[in-house]
Amino acid sequence: MVVRTRARIPVEIHASDPLSLAGATSQLRQQPEIELVDEATGRPGAVAILLADALDEVTLSRLRRLARTDGTRVVLVAGAIREAELLQVVECGVGAVVWRREATGDRLLQAVLVASRGEGDLPSDLIGRLIKQVGTMQRDTMNLPGNPTSGLAPREVDVLRLVAEGMDTSEIASKLSYSERTVKNVMHGLNTRLQLRNRAHAVAYALREGYI
């Protein structure tokens, strides 16, 4: 009998200072599910963790570059995110955000696992701020002409509403009496059709367009 071991997730750590790099490396080296790889290797399917105290244009540019690398999922570990930066972070393609004050080894592992599946993992306070910000943007633009939407099917709206509530694939499937494959297909079709990067970006789109 051949026992197949589950492949470890390749993880790149990007940090602007050696102390942050050493700390994150120490935390993640203890996790058997993770294989730390050099950031220059460009391993397919890698999860890139970017550590930043605050976000400036250089950091946002780096986030965009990482997210556009084929197959790379991005986890942002940040000390703070200002209101003006919040939607930019989501639209950069960041799949998970972890506050630096909460960045234990177990918390980082959770974010890596979620990001590797193409799902979203945002702190609850960040989700609330995102909903508020997008709601404000929607109210400001709802009367402007020439703002067409691509249209979402009722099933897509149902799935996105539960994603926005923080449910994972299995919980959404149970709630809607779908199979997990159906939920994944709905999200994949939605992201492909609207050129969205991940679940967080899809939720931001649905909020902005007034679907949820």
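As the structure is a prediction and not an experimental result, all values here were calculated from the model. Within each chain, residues carry numbers counting from 1 in the order of the written sequence. Per-residue local features of the predicted model are confined to residues with pLDDT of at least 70, and side-chain atom pairs are confined, for both listing and counting, to 80 or more; whole-chain, interface and lining totals are unaffected and use all residues. With hydrogens and water excluded, all non-hydrogen atoms of the structure serve as input to the side-chain values.

1. Observations concerning the overall build of the chain
Okay, so step 1: Within the chain, the secondary structure is distributed over nine helices and five strands.
Okay, so step 2: Helix numbering and strand numbering both begin at the N terminus, where a helix is a DSSP run of H or I of at least 4 residues and a strand a DSSP run of E of at least 2. Traced from its N-terminal end to its C-terminal end, the chain shows the element sequence β-α-β-β-α-β-α-β-α-α-α-α-α-α.
Okay, so step 3: In this analysis, two residues are considered to be in contact whenever any of their non-hydrogen atoms come within 4.5 Å of each other. Here the contacts in the chain between residues at least 6 apart in sequence split such that 69% fall between residues at least 24 apart.
Okay, so step 4: Accessible surface is estimated by sampling points in the Shrake-Rupley manner with a 1.4 Å probe; for residues, cover comes only from the protein chains shown. For the chain, the exposed surface amounts to about 11,700 Å²; the carbon and sulfur share of it is 50%.

2. Focus on the nonpolar core
Okay, so step 1: Counting residues in each nonpolar core, the largest one holds 25 residues, and the members touching the most others are Leu55, Leu63, Leu76, Ile81, Val89, Val94 and Val97.
Okay, so step 2: Among the secondary structure elements, those contributing two or more residues to this core are strand E3 (47-52), helix H2 (57-67), strand E4 (73-78), helix H3 (83-91), strand E5 (94-99), helix H5 (124-141) and helix H9 (199-208).
Okay, so step 3: When near neighbours in sequence (up to four residues on either side) are disregarded, Leu63 contacts Leu50, Val74, Leu76, Cys92 and Val94.
Okay, so step 4: Grouped together as the second largest cluster of nonpolar side chains are 20 residues, Leu152, Val159, Leu160 and Val163 included. Throughout, nonpolar core names a set of buried Ala, Val, Leu, Ile, Met, Phe, Trp, Tyr and Cys residues whose side chains join them through atoms within 4.5 Å. Relative accessibility under 20% of the residue-type maximum defines a buried residue, over 50% an exposed one, and the middle range a partly exposed one, all with a 1.4 Å probe and only protein chains included.

3. Some details on the side chain of Gln31
Okay, so step 1: With respect to the element layout, Gln31 can be found in the loop between helix H1 (18-29) and strand E2 (34-36).
Okay, so step 2: From its side chain, Gln31 meets the backbone oxygen of Gly105 in a polar contact 3.5 Å long.
Okay, so step 3: Residues in contact with Gln31, not counting those within four places in the same chain, are Gly105, Asp106 and Leu109. Definition of a polar contact: a pair of N or O atoms within 3.5 Å, with one able to donate and the other able to accept a hydrogen when the atoms are protein atoms, and with sequence-neighbouring residues admitted only if both atoms are side-chain atoms.

4. Here we look at helix H7 (residues 169-176)
Okay, so step 1: Looking at H7, one finds that the buried residues are Thr169, Ile172 and Ala173. In a view along the axis of H7, the buried residues occupy a sector of 100 degrees, so they form one face of it. Structural note: H7 exposes Ser174 and Lys175 on the side pointing more than 90 degrees away from its buried face.
Okay, so step 2: On its buried side, H7 packs onto helix H6 (154-164), helix H8 (180-194) and H9.
Okay, so step 3: Once H7 ends, the next one or two residues include Ser177, with phi positive near 60 degrees. Read the arc as the range of directions from the helix axis to the C-beta atoms.

5. Thoughts on unusual backbone geometry
Okay, so step 1: Here the phi dihedral of Ser177 falls at roughly 60 degrees; this positive angle occurs in a residue that is not glycine.
Okay, so step 2: With respect to the secondary-structure elements, Ser177 resides in the loop between H7 and H8.
Okay, so step 3: You will see that Gln195, though not glycine, has its phi angle at about 55 degrees, which is positive.

6. A word on the packing of H6 against H8
Okay, so step 1: Put simply, H6 and H8 touch, their axes get as near as 10 Å, and they point 100 degrees apart. Taken together, the axes of H6 and H8 lie roughly perpendicular to each other. Across the interface between the two elements, Arg155, Glu156, Val159, Leu160 and Val163 from H6 touch Thr182, Val183, Val186, Met187, Leu190 and Arg193 from H8.
Okay, so step 2: Residues that form the contact of H6 with H8 fall into these classes: seven nonpolar, one polar and three charged. Lines fitted to C-alpha atoms define the axes, with helix axes restricted to the stretch in contact, and inter-axis angles between N-to-C directions lie between 0 and 180 degrees. Any angle from 65 to 115 degrees is called roughly perpendicular, while one under 35 is roughly parallel, one over 145 is roughly antiparallel, and all others are oblique. Under the convention adopted here, Pro, Cys and the residues Ala, Val, Leu, Ile, Met, Phe, Trp and Tyr are nonpolar, Asp, Glu, Lys and Arg are charged, and Gly plus all remaining residues are polar.

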